[in-house]
Amino acid sequence: MKHFGNFVALLILAVNALFTGLLLFTAYSPHIQPVTHPVQSCLGLTFPVFLMINAGFLIFWLVIQRYRSALLPLIGMLLCYSQIRTYLPINFHTDHLPETSIKLLSYNIMGFDGAAKQDGKNPILTYLKESGADILCLQEYSTVQSSKHLSQKDVERELKAYPYHRINTVGSGKGHTNKIACYSKFPILSSRILDYPSEYNGSVLYEIKIGEDTVTLINNHLESNKLTKADKVMYEDMLKSPEKEKVKSGARLLIRKLAEASAIRAPQADTIAHEIAASPHPYIIVCGDFNDTPISYTHRTIAQDFWASLEHKIYYKFEGNAPDYISRDLRECAKMVSELDEKMLQLNEAIQECILKESDRERLEGVCRDVIGSREEQKLMSAESAAEDPKKEDQKG
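Residues numbered from 1 in each chain as written. Predicted model: local features only at pLDDT ≥ 70, side-chain atom pairs only at ≥ 80, totals over all residues. Heavy atoms only, no water.

## Considering the packing of helix H8 (residues 229–240) against helix H9 (residues 244–278)
Next up, step 1: Where H8 contacts H9, the axes come no closer than 10 Å and their chain directions differ by 140°. As summarised for this structure, H8 and H9 are arranged oblique, according to the angle between their axes. Considering the relative orientation of H8 and H9, their crossing is left-handed. On H9, the residues that touch Asp231, Met234, Tyr235, Asp237 and Met238 of H8 are Lys246, Val247, Gly250, Ala251, Leu253, Leu254 and Lys257.
Next up, step 2: Of the residues assigned to the contact of H8 with H9, the class counts are 7 nonpolar, 1 polar and 4 charged. (Axes fitted to C-alpha atoms, helices over the stretch in contact; angles between N-to-C directions. Helix = DSSP H or I, 4+ residues; strand = E, 2+ residues; numbered from the N terminus. Parallel < 35°, antiparallel > 145°, perpendicular 65-115°, else oblique. Left-handed = near helix turned anticlockwise from the far one by under 90°. Contact = heavy atoms within 4.5 Å. Nonpolar A, V, L, I, M, F, W, Y, C, P; charged D, E, K, R; others polar.)

Structural data, given as structure tokens:
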């Protein structure tokens, strides 16, 4: 009975190892290029699922007192510590803010919810007015020139505490009027739309003067997943009655839409990362509606270019005499990111090499089959010819 129990435990451990591997794969899926591998790049969506499964395994091993086995999910979760912190951030509230601090609010207002008024007021506009923010970054900004709806004059009247504002139309699609807006208590020196392909979405870069410093602010509305109300109804129906065909068709449609959007967002994220790296100012703020999960190529690409800007900021702030512990920690973090990027690149190259070898092997087998087939045909023809020759001789005789 003891041997049987050990066998079952080993079997469960093997399943645990599989799910730990999947956890690590989803955690580091942001290193997959969505343009070339759009479906695989969306695996970060499943990270919370595999995290909960591994947490369940950890609790299971601790309950049955197999502490050595519990190390497997524990190590897997420790290797995903930064991703866990990203999904489950722990922030403590404080009332002791620096005097020079600023408050920024980013909000996809979806056209002020149709620019509707309730008792002569718009709830979203009221929220913005009472937020106390110094800078407002708004996506899907639109107003309607009608007394029954929210107009641009209504917005400017309610947000009179923000003397500086810029409203830019983004997207290249005809008939679309998607806008991005920035309202600021500080002077907006300039604004320009970032150049990347999108029919409806876009990003705007501002230079804002705050005190003696100039800040680069990038307000984003990246490519959406384009899930319609009809899609939502279909998914709800699929969950209510999960028939095989419904689940198959629904999952295919969902994955296809997510993959397509991910592939479009990738070059958009690359453009933003380039702007971060090229910014001449030491302070950079990137905000907006990224339409992506925290574990994604979009967030990783934009965040990794902050390494260069962060180092520039440190040496700018401390005039080249940054504290040793800050410089050391920054170098260590940069080294870890660099090593991880290199390993992922090597893994991708190994996969491509295997695919190429498999393709070459199949091609070689095809050539061999053709050659062997040709030889067999020649032998058959020779045999038939040899069989016909005696018959001709007999006829002549």
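## Topic: the sheet that holds strand S2 (residues 135–139)
Neighbouring strands of a sheet are bound in pairs by backbone hydrogen bonds; such pairs are parallel or else antiparallel.
Next up, step 1: Strands sit in the order S1-S2-S4-S3 across an open sheet of 4 strands; the sheet is mixed. Looking at which strands have only one partner, the edges of the open sheet turn out to be strand S1 (104–108) and strand S3 (164–169). Pairwise comparison of adjacent strand axes, ignoring direction, gives a mean angle of 10° for this sheet.
Next up, step 2: Bridging between S1 and S2 involves 5 bridges; their strand directions are parallel. (Pairing = 2+ DSSP bridges.)

## With respect to the nonpolar core
Generally speaking, soluble globular proteins have nonpolar side chains that are buried together.
Next up, step 1: Phe112, Leu128, Leu136 and Tyr183 are the most contacted members of the largest nonpolar core, which totals 17 residues.
Next up, step 2: At the level of elements, helix H5 (110–115), helix H6 (123–130), S2 and strand S4 (179–184) are the ones that each hand at least two residues to this core.
Next up, step 3: By residue number, the principal contributor to this core is H6, which donates 3 residues.
Next up, step 4: Not counting chain neighbours up to four residues away, the residues in contact with Phe112 comprise Asn122, Ile124, Leu125, Leu128, Tyr141, Ser142, Thr143, Leu150 and Val155.
Next up, step 5: Phe186, Val204, Tyr206 and Ile210 belong to the second largest nonpolar core, which has 15 residues in total. (Core = buried A, V, L, I, M, F, W, Y, C linked by side-chain atoms within 4.5 Å. Buried < 20%, exposed > 50% of the residue type's maximum accessible area, 1.4 Å probe, protein only.)

## Structural notes on the side chain of Thr298
Next up, step 1: Turning to its location among the elements, Thr298 is positioned in helix H10 (residues 297–304).
Next up, step 2: Accessibility expressed as a relative area gives 1% for Thr298, which makes it buried.
Next up, step 3: Reaching out from Thr298, the side chain makes a polar contact with the side chain of Asp292 at a distance of 3.0 Å.
Next up, step 4: Not counting chain neighbours up to four residues away, the residues in contact with Thr298 comprise Leu222, Arg265, Ala269, Phe290 and Asp292. (Polar contact = N/O pair within 3.5 Å; in protein donor to acceptor, adjacent residues only side chain to side chain.)

## Some thoughts on H6
Within an α-helix, residues lying three or four positions from one another point in the same direction, as the helix has 3.6 residues per turn.
Next up, step 1: Every buried residue of H6 is accounted for by Ile124, Leu125 and Leu128. In a view along the axis of H6, the buried residues occupy a sector of 100°, so they form one face of it.
Next up, step 2: The N-terminus of H6 is capped by Asn122, whose side-chain oxygen sits 3.0 Å from the backbone nitrogen of Ile124.
Next up, step 3: Following H6 by one or two positions, Gly132 adopts a phi angle in the positive range, close to 75°. (Arc of directions from axis to C-beta.)

On their own, these measurements won't tell you what the molecule is for.
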